[in-house]
Amino acid sequence: QVQLVESGGGLVQPGGSLRLSCVVSGIIFPRFNMGWYRQSPGNQRELVATVSRTNITDYPPSLKGRFAISRDNGKNTVYLQMNSLEPEDTAVYYCRSWSFDENYWGRGTQVTVSS
């Protein structure tokens, strides 16, 4: 059974930082691409960051520079370092794992940026 379990969310003040983690089980982790997505109420789920199985990272232009994705294949874990957080970053953050014929999602972790 494939499981993706996110953690590290919470309440943070504007300008603060958080590091999210996603531990994956049930797949051969190094063979999969990994990504973080987010969804806020009333909005579609949007891409935050991806890291390929060859460790190539990608970000939408609006988030590049504040967010950083990384993976540790020895721990079957992908991370999202989020800096200079803004209220607009408030959302549920989801982890995704995919290959050419498989696609898996975690249940998400809530991030709230508020003073």
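Above this text sits the structure in question.
This is a predicted model, so every value here is computed, not measured.

The rules behind these values
Residues numbered from 1 in each chain as written. Predicted model: local features only at pLDDT ≥ 70, side-chain atom pairs only at ≥ 80, totals over all residues. Heavy atoms only, no water. Helix = DSSP H or I, 4+ residues; strand = E, 2+ residues; numbered from the N terminus. Buried < 20%, exposed > 50% of the residue type's maximum accessible area, 1.4 Å probe, protein only. Lys, Arg positive; Asp, Glu negative; His and termini not counted. Salt bridge = Lys/Arg side-chain N within 4 Å of Asp/Glu carboxyl O. Polar contact = N/O pair within 3.5 Å; in protein donor to acceptor, adjacent residues only side chain to side chain. Contact = heavy atoms within 4.5 Å. Core = buried A, V, L, I, M, F, W, Y, C linked by side-chain atoms within 4.5 Å.

**Q** Outline the side chain of Glu6, listing residues and values.
**A** Along the polypeptide, Glu6 turns up in strand 1 (residues 3–7). For the buried residue Glu6, which engages in no salt bridge, the nearest side chain bearing the opposite charge is Arg45, 7.5 Å off. Here the side chain of Glu6 touches Gly108 through a polar contact of 2.9 Å, landing on its backbone nitrogen. In this structure Glu6 touches Ser21, Cys22, Trp36, Tyr93, Tyr94, Cys95, Gly106, Arg107, Gly108 and Thr109, once residues within four positions along its chain are discounted.

**Q** Give a description of the nonpolar core that names residues and reports values.
**A** Ranked by size, the top nonpolar core spans 27 residues in total, and within it Trp36, Leu80, Met82 and Tyr93 carry the most contacts. At the level of elements, strand 3 (18–25), strand 4 (33–39), strand 5 (46–51), strand 7 (67–72), strand 8 (77–82), strand 9 (91–98) and strand 11 (109–113) are the ones that each hand at least two residues to this core. The element best represented in this core is strand 3, accounting for four residues. If we ignore the near neighbours within four places in the chain, the residues touching Leu80 are Leu18, Arg19, Leu20, Trp36, Val48, Ala49, Phe67, Ala68, Ile69 and Tyr93.

**Q** Give me the lowdown on the pattern of salt bridges, citing residues and values where you can.
**A** Scanning the entire structure with this criterion turns up four salt bridges. One salt bridge connects Arg38 with Glu46, and the closest N-O pair in it is separated by 2.6 Å. Notably, a salt bridge pairs Arg66 with Glu86, separated by 4.0 Å at the nearest N-O pair. Linking Arg66 in the loop between strand 6 (57–58) and strand 7 with Glu86 in the loop between strand 8 and strand 9, this pair joins segments that are 20 residues apart in sequence. On the basis of relative accessibility, which here comes to 35%, the residue Glu86 falls in the partly exposed class.

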